[in-house]
Amino acid sequence: MQKKTLVLGASLNSARYSNIAIKRLVKYNQPAVALGLRKGEVEGVKIETEKVMFRDIDTVTLYLGPPRQKEYYDYIVSLQPNRVIFNPGTENPEFYDILRDNNIEFEVACTLIMLGTNQY
């Protein structure tokens, strides 16, 4: 089943986990969009730098630490995703409460492992 995913905190640096996640999403035929600090492209996925109102987002996978997440709370909620994945280092109880209040599921997990073990 395809789950359109927003990679938030996307990087052009191939050593960054967000970059690897984009590549794996493409490899596993999951539609992906990306938002990061610098415009560019990874595996054909364009990295935006503005808060684009993407449509039909199933999953937001976070690659931003909690202090940097605050400016995206309202944006993520406005996208109405089915779930948000908090990758290692992005855990944020304050944001969990906001997501709960908006009936958005969340998982503290690793997108790369989920894809690789068919749990995505």
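Here goes a summary of the coordinates provided. (Residues numbered from 1 in each chain as written. Predicted model: local features only at pLDDT ≥ 70, side-chain atom pairs only at ≥ 80, totals over all residues. Heavy atoms only, no water.)

In terms of regular secondary structure, the chain is built from 5 helices and 7 strands. Going residue by residue from the N terminus, the α and β elements of the chain occur as β-α-β-β-β-β-α-α-β-α-β-α. Taking 14 Å as the expected radius of gyration for a compact globule of 120 residues, we find that the chain reaches 13 Å, a close match to that expectation. When each of the 120 residues of the chain is scored for burial, the buried share is 47%. Here the analysis covers contacts within the chain between residues at least 6 apart in sequence; of these, 54% occur between residues at least 24 apart. Each charge class in the chain can be summarised by its mean position, and for the 15 positive and 14 negative side chains these summaries are 7 Å apart. (Helix = DSSP H or I, 4+ residues; strand = E, 2+ residues; numbered from the N terminus. Rg over C-alpha atoms; globule rule 2.2 N^0.38 Å. Buried < 20%, exposed > 50% of the residue type's maximum accessible area, 1.4 Å probe, protein only. Contact = heavy atoms within 4.5 Å. Lys, Arg positive; Asp, Glu negative; His and termini not counted. Charge placed at Lys NZ, Arg CZ, Asp CG, Glu CD.)

Right, let's talk about the pairing of strand β1 (residues 5–10) for a bit. Within β1, 6 of the 6 residues are buried, which leaves it mostly tucked inside the rest of the structure. Here β1 runs beside strand β2 (residues 32–36); their pairing, made up of 5 bridges, is parallel. Bridging across to β2, Val7 finds its partner in Ala34. As paired strands, β1 and strand β5 (residues 59–62) are joined by 4 bridges and run parallel to one another. By the bridge assignment, Leu6 is partnered in β5 with Val60. (Pairing = 2+ DSSP bridges.)

As for its position among the elements, Val108 is in strand β7 (residues 105–108). Remark: the alpha-carbon pair of Val108 and Val60, spanning 48 residues in sequence, is separated by 12 Å. What Val108 contacts, discounting residues up to four positions off in sequence, is Phe86, Glu91 and Tyr96.

Here we take up the sheet that holds strand β6 (residues 83–86). Strand pairing in a sheet relies on backbone hydrogen bonds. The paired strands run either parallel or antiparallel. Reading across the sheet, the 7 strands line up as β3-β4-β2-β1-β5-β6-β7 and stay open at both edges, with mixed pairing between neighbours. Each end of this open sheet is capped by a strand with a single partner; those strands are β3 (40–42) and β7. Neighbour to neighbour, the strand axes of the sheet diverge by 25 degrees on average, direction disregarded. The sheet strands contacting helix α1 (residues 17–27) are β1, β2, β3 and β4 (45–48), and the helix crosses β1 at an angle near 160 degrees. (Axes fitted to C-alpha atoms, helices over the stretch in contact; angles between N-to-C directions.)

Right, let's talk about the environment of Asn103 for a bit. For Asn103, the position within the fold is in the loop between α4 (93–101) and β7. Judged by relative accessible area, which is 72%, Asn103 ranks as exposed. Separated by 99 residues in sequence, Asn103 and Lys4 have C-alpha atoms that sit 19 Å apart.

With respect to the helices and strands, Ser11 occurs in the loop between β1 and α1. Since its relative accessible area comes to 17%, Ser11 is described here as buried. Beyond its immediate stretch of four places on either side in the chain, Ser11 contacts Arg16, Ser18, Asn19, Val42 and Ile47.

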